[in-house]
Amino acid sequence: MIPSVRPRSPWRRHRWCPWSSGEGSHGDSEGQGTRRSGAILSRVTEPSTGDHPVTMTGSGPPETVLGPEDPTSDEALVDALSQPASDGRRNAVAAVVADWPRHLDGWARLGDLGRDSMESYAAYRVGYHRGLDRLRQCGWRGSGYVRWRHPTNRGFLRSLAGLARIAARIGEEDEAERCELFLLQLDPGWSRTHLEEST
C-alpha cells in the first residue's frame, strides 16, 4: 500500500551535484553538491527496508541531478561496451569498474552483462548503493526527484531498475515491488522503454 501524502512547508526545489568519480588507480575525489532554491519532499520509500513513508509538499518536491563522471572513465566504458564478444565485453566492463569503482553506469552495465542472476544482482546492488551515497553527498535526504531525463542520473536508475528485475527473477517479490515503487517516486515518468531506447 502506498503511504498517504502530507503537505509540508516549501524549502528547496533543485539540487545539482558536481562530481568526479575518480578512485583507485585514478585518484580519489569526494565531490560536494550544490543546491538551488525551491520546495522539499520529506521522505520516500527506500527499497532495502521499505519502512519510510512518502510525504510531499504542496508546491512539489526538489530534484537532484548527479554530476558527470570522470570523462576518461566514460571513454573507457564506451570502449568496453564496444567489445564484440559477450564474455570479452563483460570482462572489459569489469576492468572499468575495478579502475573507477564509483562509476555508476559501469556497475549497471556490469549487471546487464552478468553471467548469472546472482552476479547481476550483486552488480546492480553495488550500483544502487553507490548511487545512494552519491545522492546523499549532493544533499539528497531520501527526498525528491532523480529523473531519467538527466543523463548523469541514468547509471543509478539503471542499477535500481536492474535490481527490481533480478529480484523478481529470483523470487524476491517484496524487494522487486519496493524497487519499482521507488523508481516511480524518483521519476513519475519512469518507463522501462527508457532502458530499451538507451541500450
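Residues numbered from 1 in each chain as written. Predicted model: local features only at pLDDT ≥ 70, side-chain atom pairs only at ≥ 80, totals over all residues. Heavy atoms only, no water.

1. Some remarks on the packing of helix α4 (residues 117–137) against helix α5 (residues 154–169)
Taken N-terminus to C-terminus, the directions of α4 and α5 make an angle of 145°; their axes are 8 Å apart at the nearest point. In this structure, α4 meets α5 at a crossing whose hand is left-handed. Residues Ser117, Ser120, Tyr121, Tyr124, Arg125, Gly127, Tyr128, Gly131, Leu132 and Leu135 of α4 form the contact with α5, whose own contacting residues are Phe156, Arg158, Ser159, Leu160, Gly162, Leu163, Arg165, Ile166, Ala167 and Arg169. Here the residues of the contact of α4 with α5 are counted per class, giving ten nonpolar, six polar and four charged. (Axes fitted to C-alpha atoms, helices over the stretch in contact; angles between N-to-C directions. Helix = DSSP H or I, 4+ residues; strand = E, 2+ residues; numbered from the N terminus. Left-handed = near helix turned anticlockwise from the far one by under 90°. Contact = heavy atoms within 4.5 Å. Nonpolar A, V, L, I, M, F, W, Y, C, P; charged D, E, K, R; others polar.)

2. Some thoughts on the nonpolar core
Core analysis: the biggest nonpolar cluster contains 26 residues, and Phe156, Phe182 and Leu186 have the highest contact counts within it. Breaking this core down by element, the ones donating at least two residues are α4, α5 and α6 (173–186). The element that contributes the greatest number of residues to this core is α5, accounting for eight residues. Of all hydrophobic cores here, the second largest spans eleven residues; its members include Ala92, Val93, Val97 and Trp100. (Core = buried A, V, L, I, M, F, W, Y, C linked by side-chain atoms within 4.5 Å. Buried < 20%, exposed > 50% of the residue type's maximum accessible area, 1.4 Å probe, protein only.)

3. Describing helix α2 (residues 86–99)
For α2, built from 14 residues, the straight-helix expectation of 20 Å at 1.5 Å per residue is met to within 8% by its first-to-last C-alpha distance of 20 Å. The secondary structure elements touched by the buried residues of α2 are α1 (71–81), α3 (104–112) and α4. (Expected span 1.5 Å × (residues − 1).)

4. A word on α3
The buried fraction of α3 amounts to eight of the nine residues, a majority that puts the element mostly inside the structure. Restricting attention to buried positions, one finds in α3 the residues Leu104, Asp105, Gly106, Trp107, Ala108, Arg109, Leu110 and Gly111.

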